[in-house]
Amino acid sequence: MSLFLFTFFLMYAGLHVYAFVKARAAIGFGPVWGGCLALFMLLMMSAPFITRALEKSGQETAARVSAYGGYIWLGLLFLFSSYAFLMDLFRFVFHGGGLLFGREISPSLLSPAHRFYIPLILAAVTSVYGYFEARNIRTESVVIRTSKIPAAVGRLRIVQISDVHLGLIVREERLKRILSIVKAANPDILVSTGDLVDGEICRLNDLSNMLAEIRPRYGKYAVTGNHEFYAGFEQARCFTEDAGFTYLRGDAVIPGGIINMAGVDDPAGKIYGLSKDVSEKVLLGDLPKEKFTILLKHRPLIDGKAAPFFDLQLSGHVHGGQIFPFTIATWLYYPVTSGYVKVSDSAYLYESRGTGTWGPPIRFLAPPEVAVIDLVHEDGKQGVSH
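As the structure is a prediction and not an experimental result, all values here were calculated from the model.

### Points about the nonpolar core
Judged by nonpolar contacts, the single largest core of 31 residues is most densely connected at I161, L166, V182, L196, L211, F245 and V370. Where this core is concerned, the elements lending two or more residues are β2 (155-161), α5 (172-185), α6 (205-212), α8 (233-242) and β12 (369-377). By residue number, the principal contributor to this core is α5, which donates six residues. Look past the residues within four positions of V182 in its chain and what remains in contact with it is V159, I161, P187, L190, I214 and V370. F9, F20, F78 and F80 belong to the second-largest nonpolar core, a separate cluster that totals 29 residues.

Below, the structure written as structure tokens:
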């Protein structure tokens, strides 16, 4: 965790330096205004720590103001830096072409002022759009035909939410939107594939009561994500269980005697000595093989040894990148950033883009989703098909 935080804030500090240099080249401010901007940037860099301190001390209103300000700034800065870098790259290519052909062909448009204000305007417009995209929750439907669902059942509907990040920013209004979609889908089983909570969540009883109103006939199941451990596992556990979910932490159940449902802890818990270190192969290998097997796992990483023992893995964590072009960075580590893909001869992965937001309340080219997965009986089918 400390290495992750160090790396994150090192990169975050770098973005601030980059933006500061761009602003100074465009505006030409003196030491007074430069000092004011530097202090503001330092305050914004400290906002996550200030937010957590205010939250822990029970000053919820101040913590929410700090969270909104700090995280919107983070999103705006990331988008500004991305657009500015693209313009710098564009200018570099033209400058290189000029050197190659022996004449200057860099567009006069790209003055220092243009290279600051154009990215700033684009970042502001994108942030506004992204704020509304984050609230526009989509339903993603997948139909899987398999002989492993009994003919007498016909269809089993599983609804997946993931990465909701309930806390200071994602609250009652957003949860109400999510639950209206879940209720309309009328699930037989509801699953949460991690990061349901974020922050000092145990005080938010209204949110757990809203979730508790959903009562699928075969139950609700959840696994831990990294933020359950960051927020404090005991309070995350109390909230999730109050909301009516059964945690699967290296455990498996057979809801209604129809389907195998297994889940494993997120590895972030190992940092705190809280993860149950269970072999996925051993966990899944003991389940009835004639039944359809679902593995709930927060991160979309496939254990090759376990793949022959499950039919479908449901995951989240990546948020589809949440704010493009961060999608490119996530793709380098997680080749599947969203959607339904085959991962072995008989196993599939469904990777959710996530239902809420982490950090900035913004999504760009990665809309939030609730996944509706129908398992439909079909004779002669082995495994799954899309």
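### A closer look at the packing of α5 against α6
Between α5 and α6, the shortest axis-to-axis distance is 11 Å and the interhelical angle comes to 5 degrees. Taken together, the axis directions place α5 and α6 in an arrangement best described as roughly parallel. Taking contact as the criterion, the partners of E172, L175, K176 and L179 in α5 are, on α6, D206, L207, M210 and L211. Taken together, the residues that form the contact of α5 with α6 break down as five nonpolar, no polar and three charged.

### Observations concerning the sheet that holds strand β8 (residues 293-296)
Read from one edge of the open sheet, six strands run β6-β7-β8-β9-β11-β10, paired in mixed fashion. Two strands close off the open sheet at either side, each with one partner strand: β6 (251-253) and β10 (339-342). Strand-to-strand, the axes of this sheet are offset by a mean angle of 20 degrees, without reference to chain direction.

### Some remarks on the packing of aromatic side chains
The full count for this structure, using the stated rule, is 17 aromatic pairs. Between the aromatic rings of F80 and F116, the centroid separation amounts to 5.6 Å while the plane-to-plane angle is 70 degrees, which identifies the pairing as edge-to-face. Of the two residues, F80 is situated in helix α3 (residues 60-101) and F116 in helix α4 (residues 112-133); the sequence distance between them amounts to 36 residues. Given a relative accessible area of 4%, F80 falls into the buried group. We classify F116 as buried; its relative accessible area is 10%.

### Looking at the pattern of salt bridges
Counted by the stated rule, this structure contains 20 salt bridges. Across the salt bridge formed by E173 and R135, the nearest N and O atoms sit 3.2 Å from each other. Of this pair, E173 sits in helix α5 while R135 sits in the loop between α4 and β1 (138-146); the two residues are 38 residues apart in sequence, bridging distant segments of the chain. Overall, E173 belongs to the partly exposed group, its relative accessible area being 37%. Each member of the salt-bridge network shares a partner with another, and the members are K22, D88 and R115.

### A few points about α6
For α6, the full list of buried residues reads L207, S208, M210 and L211. All buried residues of α6 lie within an arc of 155 degrees about the axis, which places them on one face of the element. Summarising the contacts, the buried residues of α6 are in contact with α5, β4 (220-222) and α8.

### What to know about the sheet that holds β1
Read from one edge to the other, the open sheet built from six strands follows the order β1-β12-β2-β3-β4-β5, with strand pairing classed as mixed. With one partner strand each, in any of the chains shown, β1 and β5 (246-247) form the two edges of the open sheet. This element, α5, spans β1, β2, β3 (189-192) and β12 of the sheet and lies at about 175 degrees to β2.

### Structural notes on the pairing of β12
The element β12 is largely enclosed, with a buried count of nine among its nine residues. In β12, alternate side chains face the same way, and those of E369, A371, I373, L375 and H377 on one face and V370, V372, D374 and V376 on the other are all buried. Direction of pairing for β1 relative to β12: parallel, over a ladder of nine bridges. Its bridge partner lying in β12, E140 is registered against A371. Alignment of β2 against β12, held across six bridges, turns out to be antiparallel. Pairing of V159 across the sheet is with V372, part of β12.

What counts, and where the lines are drawn
Residues numbered from 1 in each chain as written. Predicted model: local features only at pLDDT ≥ 70, side-chain atom pairs only at ≥ 80, totals over all residues. Heavy atoms only, no water. Core = buried A, V, L, I, M, F, W, Y, C linked by side-chain atoms within 4.5 Å. Buried < 20%, exposed > 50% of the residue type's maximum accessible area, 1.4 Å probe, protein only. Helix = DSSP H or I, 4+ residues; strand = E, 2+ residues; numbered from the N terminus. Contact = heavy atoms within 4.5 Å. Axes fitted to C-alpha atoms, helices over the stretch in contact; angles between N-to-C directions. Parallel < 35°, antiparallel > 145°, perpendicular 65-115°, else oblique. Nonpolar A, V, L, I, M, F, W, Y, C, P; charged D, E, K, R; others polar. Pairing = 2+ DSSP bridges. Phe/Tyr/Trp six-rings, centres within 6.5 Å; stacked < 30°, edge-to-face > 60°. Salt bridge = Lys/Arg side-chain N within 4 Å of Asp/Glu carboxyl O. Arc of directions from axis to C-beta.

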